[in-house]
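Single-letter residue listing:
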Amino acid sequence: MPIQFYNTYSRKLEVFKPIDPPNVKIYTCGPTVYSFAHIGNFRAYVFEDLLQRHLEARGFQVERVMNLTDVDDKTICGSREAGILLPLFTEPYKKSFFEDLESLRIKRANHFPAATEPENIATMIEMIALLLQEDIGYQAEDGSIYFRISKYPDYGKLAHLNLADLRPTGRIQNDEYEKENVGDFALWKAWDEKDGSVGWETPWGKGRPGWHIECSAMATRLLGPEIDIHCGGVDNIFPHHEAEIAQSESVNRKKFVRYWLHNAHLFVEGQKMSKSLGNFFTLRDLLEKGFSGRELRYALLRVNYRLPLNFTFDGLREARQSLLRIDEWIRRLQAIAGTAAQDSEFAAAKSDRFFTALDDDLNISAALAELFNQIRETNRLIDHGELAAGQAAALLDWWQRINQVLQLQEDTESVPQLVTALLEKRAKAREDSKWAQSDALRIEIESLGWLIKDTKDGQKLLKKLG
Ligand code: AMP
Ligand code: ZN
């Protein structure tokens, strides 16, 4: 089966044909750095990571851009309230965003352009100048520049909106009175007092970019006028991505994006997780409660990206249980495989179903079902003493290949050395039937935040929940 994706633009599953195979250019809308990203945002980034890693597993060379929105109403307002300059205000959130990506094992994009970087502002200004020259952009009384959507006949096609729906139905809001059409969006916002020291000089006056032009400019500058895949959450479809298409295509006169992929939201009790509703958790919140980045990665990854996902702590605990099953399976395979070479016949017979499931619009639930079938089947063989060392080695190799995409392998490094040393001491005490010492060591290990489970395969460590 060829790789296919659901394209928001056509509302259809389409066979994936990049412009210049094996190269694939992907643009992903990144965070607005006015506070810590919440785990709903990370659902988007984990889905994009799965997309990239699967394409790479299929032999594509991915070049990906993720922008950082470091100038907009929210960042300016935050810096004003904090009483510090905008770059100082956004810097720690940029830094913590990268830390969170690492905890969630998300592959870093090739480029992380920030909107305020001089070369990006310069590209935005060039694009706006061209739009003004072509009469697609216009300056309103307040000095701001707007995009005239009546000049872009395809406006509304991504969101499947009728332009008539964008006409004002009643009173036009105060802040929109200067626009010709209520659907026209800002390319450039004229400076006002609230912007303080934030602003750039242009031929049409001092101001700052609108959010949409930031992405059009950074995509064009770093990836060129035509890109293969553009991603974001469904809330980005309109107006953000619609506006990106209108701007980029009006300037570059080329089809901006071949495939538009949008992830459904992470919900909390039926409502979208968002800063404005206050119903959000950050990764930091979950780490403090004793969960790991790996566990959150699994919890966000395991539901197909186009299905809404309800966040619960029970869901996180289930993720933990599933990971423990994987970990235990790997340990059993390692014990049997030892240093044996793979049984190549057995390896060749291993199905490719994990990857073919992902070919089908990243059907991760079918891919994981394949993994867990495999785990069940091999555990049964192991229980009956029927799995040969070469077969276990072949399975470990299969796991390595799928883990390139999943990135879920247990991170042994994360267990502190002291805990490992105490654990070894306890194993020895148990061998020597020194039960009192074994119990004392258990208490000591627990005080360091780790629980021990004694199983027939030895001691298993579990991070304590906060
Ligand atoms: P923002 O920082 O709000 O621009 O969002 C960054 C990315 O996260 C965008 O792709 C959004 O569409 C996405 N996003 C925001 N909230 C959620 C959510 N609750 N679930 C999934 N994705 C989200
Ligand atoms: Zn964007």
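Predicted model only: the values in this text are computed from it and were never measured.

1. Considerations on the domain arrangement of the protein chain
Accessible area lost when the parts come together is the quantity often used to give the size of an interface. Split by domain assignment, the protein chain resolves into domain 1 (4-263), domain 2 (283-406) and domain 3 (417-463). The C-alpha-based centres of domain 2 and domain 3 are spaced at 26 Å. Listed by partner, the interface residues are six residues for domain 2 and five residues for domain 3. Put simply, domain 2 and domain 3 have zero salt bridges between them. At the surface where domain 2 touches domain 3, the tally comes to zero residue pairs in polar contact (both at pLDDT 80 or more).

2. Considering the packing of aromatic side chains
Inspection of the entire model under this criterion finds 23 aromatic pairs. With 5.3 Å between their ring centres and 65 degrees between their planes, Phe 5 and Phe 16 make a pair best called edge-to-face. Placement of the pair is Phe 5 in strand S1 (residues 4-7) and Phe 16 in the loop between strand S2 (12-15) and strand S3 (23-28), with a sequence separation of eleven residues. Relative to Phe 185, the ring of Tyr 155 has its centre 6.0 Å away and its plane inclined at 25 degrees; by these criteria the two rings are stacked. Of this pair, Tyr 155 sits in the loop between strand S6 (145-147) and strand S7 (185-190) while Phe 185 sits in strand S7; the two residues are 30 residues apart in sequence, bridging distant segments of the chain. Taking relative accessible area as the criterion, Tyr 155 reaches 3% and is therefore assigned buried. Put simply, the rings of Phe 42, Tyr 45, Phe 97, Phe 98 and Phe 112 pair up and form one aromatic cluster. Just above the ring of Tyr 9 sits the side chain of Lys 255; from NZ or CZ to the centre is 4.9 Å.

Procedures and definitions
Residues numbered from 1 in each chain as written. Chains lettered and ligands numbered in written order. Predicted model: local features only at pLDDT ≥ 70, side-chain atom pairs only at ≥ 80, totals over all residues. Heavy atoms only, no water. Domains from an automatic or database assignment. Contact = heavy atoms within 4.5 Å. Salt bridge = Lys/Arg side-chain N within 4 Å of Asp/Glu carboxyl O. Polar contact = N/O pair within 3.5 Å; in protein donor to acceptor, adjacent residues only side chain to side chain. Phe/Tyr/Trp six-rings, centres within 6.5 Å; stacked < 30°, edge-to-face > 60°. Helix = DSSP H or I, 4+ residues; strand = E, 2+ residues; numbered from the N terminus. Buried < 20%, exposed > 50% of the residue type's maximum accessible area, 1.4 Å probe, protein only. Lys NZ or Arg CZ within 6 Å of the ring centre and 35° of its normal.

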